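Summary of structural features
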There are 2 protein chains.
Amino acid sequence: MNKILLSFKFVIIMTCVFIFTKTDAQVIEDFKTSTSAQIGKKFPQVNSERRVRVQISAPEAKLVQLDIGAVKYDLKKDENGVWTGESAPQDEGFHYYQLNIDGASVPDPASLYYYGASRWGSGVEVPAHDQDFYELKNVPHGQVREHIYYSEESKSMRRCFIYTPPGYDKNIETRYPVLYLQHGGGENETGWSSQGRANLIMDNLIAEGKAKPFIIVMDNGTWSQRGPRPSAGGTWPPKGWADGFMNVLTKDIIPMIDKEYRTLPNQQNRAMAGLSMGGMQTRIITLANPDLFSQVGMFSGGSINVEDVNNSPGYKENVKLLFISYGSHELDNPRTNMNGSPAENVKKLKEIGMNSHFYISPNTAHEWQSWRRSLYQFAQLVFK
Amino acid sequence: MNKILLSFKFVIIMTCVFIFTKTDAQVIEDFKTSTSAQIGKKFPQVNSERRVRVQISAPEAKLVQLDIGAVKYDLKKDENGVWTGESAPQDEGFHYYQLNIDGASVPDPASLYYYGASRWGSGVEVPAHDQDFYELKNVPHGQVREHIYYSEESKSMRRCFIYTPPGYDKNIETRYPVLYLQHGGGENETGWSSQGRANLIMDNLIAEGKAKPFIIVMDNGTWSQRGPRPSAGGTWPPKGWADGFMNVLTKDIIPMIDKEYRTLPNQQNRAMAGLSMGGMQTRIITLANPDLFSQVGMFSGGSINVEDVNNSPGYKENVKLLFISYGSHELDNPRTNMNGSPAENVKKLKEIGMNSHFYISPNTAHEWQSWRRSLYQFAQLVFK
């Protein structure tokens, strides 16, 4: 009996040891501080599996969680009241996250902050096999300029960020094409030059001679929607769109940019692109204004089909580049709204003679790594 | 007996009512959302007494505090797990703060974030009687440009922000004076154009014709100090200072700015100013380089006396403006290091013929409102 009990105990103990060892072995202990940690902070960290590990001192807390990718991971408390824990492996690139401390959702005090999900909050940079294209390098750098202006259309002070390419201040006889580049829903005018790294992507491409230098205008496309949302029985685009961002863009922003910067102020040298909501805006605004834009990019924001083109007089003739992209995981997701099959749409647009491209970002979802890569591809095609 | 008891009860009840009423009456219920709240958030709020009120949902927390001005205020929890509470009255202007949730110090998820106290974290804007001078108005606006560069001195990539005045891109024959403007300890190159509002202060002054348009360069003056700190037996300036920020400023930054911007590239049109640590740097760097700078501003960062001037050959003749300032509460604080009496120093410098000014910011301490006002004053004197 004692022997049996002992054996039983042994099995239980060994099972526990096995489980403990297995759990431990699942996490590879090669974590390094993320580039999105604040200066002087050791966390957040990421390991070679792309797990994100956070740490916070909260001696009196009962429950602390890492909330990333719509999953909450419990942290463990040590004898000093310091909580530590990590997520499952994440996709390469940038992810928003937050901490939950006894029911309070707060930014991680160790991370840098970014605007997304309709709030300023934490983000973590997960190393990527192709991160070289958006890294800070010792190459000639353009500037990102905060540009404050009054909008007659919205009767308010607004702000945009302008990327001017390297040499803009020196080559004072040179005029440049312009890309109007929009963020997604719940983001703002800071997104593309912060987590999007649009300026570094362009600086690196220009240094390698892979992209033509151009100006990028990043404004705020968030707009109060009148009428019900599609989910509440409304139609897309929602009623009121026409007097929203499109009017500010076409009546205030474009004339201002053409007046205050050394642009090539014509349709041939004007592009619009955007991610997610910004891609949907690009679709609507360029279809309504083929006299204004000749180059179009939609990143994870639907697609344009032959019927759209046929309903927009001049679009087929005047639009010289049509670029559609998605993260590969989005294509597998039945909930992704793509306006039909983007691949099929692009194929048919090519058949009617349009310069169309479809790009799939490998192993990424509806997230910034898809959009960084999309800009990297688009920038090499545009204005050529 | 019953009557006595009743009277006694009555007194107790009335005392409670009185205390309750008094406590309640102490907080005037005219709170308004601060301009430093994130878009769509109702808190932080400030009332007419300049109390700061915060609110956060933390249903499982035992203790939530507002930590502002080195004082922690307990919040109160309601039946929904939402905690609310307010501070004692604060000085006018901008203040860093944080929340403490069961021992964890975290940013308030409702506020905008600023770099100070060596971290990105919450800040709150308390309305001021003189806030008009730093408000966003429909006047011509300059730009704030993010400028990335490689420093030979530090062998690293660095970043500064450059304010170019309204019309800089238009008046392409015009060259401008330059102010090198430094942040304080635990702050960085973002401080002056974010919580400092340097660009808005300048835009408003220029619109009113009260300041000459000039370029402002805001770089990162934080430097690893070699040798012991003064508090650990070292001397101020710490050993190694000379090959720290001063070298990067004089060997990398100034030549770069004079090359890449339309500056008036001479001593007569070059100023340096800074707050706190940046003021101390201004003192050391301008005393060591009177051939480089003709205008000097020190905001809450010590003062320059006749002996300093006598020990710096050329300083007396070449420096055309010397501006010293403090918040009034700093002057009352025996711990403030002012290098003697700034008022007395300025008086004596005037006596030896130097154009010296001493400004006291009313009812403020070692905080941004003192420095906004100091820049507002300094900008009206400089380069004239």
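Each chain carries its own residue numbering, running from 1 in the direction its sequence is written. Lettering of chains starts at A and numbering of ligands starts at 1, both following the order in which they are written. Since the coordinates come from a predicted model, pLDDT governs what is reported: local features require at least 70, and pairs of side-chain atoms require 80 or more to be given and counted, while whole-chain, interface and lining totals use all residues. For side-chain calculations, the full set of non-hydrogen atoms in the structure is used, while hydrogens and water are omitted.

Quick word on the sheet that holds strand β1 (residues 32-33) of chain A
Either a parallel or an antiparallel arrangement is found when strands of a sheet pair, and the pairing is made through backbone hydrogen bonds. The condition that has to hold: Strands were regarded as paired on the criterion that DSSP finds at least two bridges between them. A helix here means a DSSP run of H or I that spans at least four residues, while a strand means a run of E at least two residues long, and both kinds are numbered starting from the N terminus.
Spatially, β1-β2-β3-β7-β6 (chain A) is the arrangement adopted by the 5 strands of the open sheet, whose pairing is antiparallel. Pairing within the sheet leaves two strands with one partner each, and these edge strands are β1 and β6 (76-77) of chain A.

Points about the relation of the copies chain B and chain A
Quick note on the threshold: Each copy is superposed on the other by least squares, with the fit set by C-alpha atoms of residues at a pLDDT of at least 70 in both. Residue contacts are defined here by distance: any two heavy atoms, one from each residue, within 4.5 Å place the two residues in contact.
Once chain B is rotated about the relating axis by 180° and shifted along it by 0.0 Å, it coincides with chain A to within an RMSD of 0.0 Å. Within this description, the copies of the chain are treated as partners about a two-fold rotation axis. Using C-alpha coordinates, one finds that chain B approaches the rotation axis most closely at B:Arg145, a distance of 2.1 Å. The overlap is high: 100% of the interface residues of chain B also sit at the interface in chain A, so the same surface is used on both sides.

A few points about the domain arrangement of chain A
Residues and elements named next belong to chain A. Put simply, the rule is: Marked domain ranges trace back to an automatic or database domain assignment. Buried area is a sum: the accessible area each of two parts loses on coming together, probed at 1.4 Å, counted once for each and added.
Assigned domains within chain A: domain 1 (29-127) and domain 2 (132-224 + 238-379). At the junction of the two partners, domain 1 supplies 15 residues and domain 2 supplies 17 residues. A combined buried area of about 1100 Å² lies between domain 1 and domain 2, and 42% of that area is made up of carbon and sulfur atoms. When the buried area of domain 1 at its contact with domain 2 is split by residue, Asp91, Phe94 and Tyr115 rank highest and sum to 40% of it.

Brief notes about the packing of helix α2 (residues 198-207) of chain B against helix α9 (residues 368-381) of chain B
All names here are of chain B. Note the threshold: To obtain each axis, a line is fitted to C-alpha atoms, and for helices this fit is confined to the stretch in contact; angles are then taken between N-to-C directions over 0 to 180 degrees. Throughout, the term roughly parallel applies to angles under 35 degrees, roughly antiparallel to angles over 145, roughly perpendicular to angles from 65 to 115, and oblique to all others. Throughout, a crossing is termed right-handed when the near helix is turned clockwise from the far one, and left-handed when it is turned anticlockwise from it by less than a right angle.
As a packed pair, α2 and α9 sit with axes 10 Å apart at the nearest point and diverge in direction by 40°. Comparing the axis directions of α2 and α9 gives the class oblique. With respect to the hand of their crossing, α2 and α9 are arranged in right-handed fashion. Mapping the contact onto sequence places Ala198, Ile201, Met202 and Leu205 in α2 and Arg372, Leu375, Tyr376, Ala379 and Gln380 in α9.

Notes on helix α4 (residues 277-288) of chain A
All names here are of chain A. Going by this rule: Expected span of a helix: the number of residues minus one, times 1.5 Å. To sort residues, take the accessible area from a 1.4 Å probe on protein chains only and compare it with the maximum for the residue type: under 20% means buried, over 50% means exposed, and anything in between is partly exposed.
The end-to-end C-alpha distance of α4 is 17 Å, a good match for the 16 Å that 12 residues give at a rise of 1.5 Å each. With 10 of 12 residues buried, α4 lies mostly within the body of the structure. Within α4, burial applies to Met277, Gly278, Gly279, Gln281, Thr282, Arg283, Ile284, Ile285, Thr286 and Leu287. Where the residues of α4 are buried, they touch β14 (178-182), α3 (245-260), β16 (270-275), β17 (295-299), α5 (306-310) and α6 (315-318).

A look at the pattern of salt bridges
Filter applied, for reference: When a carboxyl oxygen of Asp or Glu is within 4 Å of a side-chain nitrogen of Lys or Arg, the pair counts as a salt bridge.
All told, the structure shown has 34 salt bridges over all chains when counted by the stated rule. Across the pair B:Lys137 and B:Asp132 runs a salt bridge, and its minimum N-O distance is 2.9 Å. Several salt bridges converge on common partners, so that one network encompasses A:Arg145, A:Asp169, B:Arg145 and B:Asp169.

A look at the environment of B:Arg175
Residues and elements named next belong to chain B. For the record, the criterion: Two N or O atoms count as a polar contact when they lie within 3.5 Å, although within protein this holds only if one can serve as hydrogen donor and the other as acceptor, and sequence-adjacent residues are included solely when both atoms are side-chain atoms.
Looking at where Arg175 falls in the secondary structure, it is placed in the loop between β13 (156-164) and β14 (178-182). Judged by its relative accessible area of 40%, Arg175 is partly exposed. Along the backbone, Arg175 and Ile215 are 40 residues apart, and their C-alpha atoms lie at a distance of 9.5 Å. Each residue touching Arg175, except ones within four places of it in the same chain, is listed here: Asp258, Tyr261, Arg262, Thr263, Leu264 and Pro265. Polar side-chain contacts of Arg175 include one of 2.6 Å to the backbone oxygen of Thr263.

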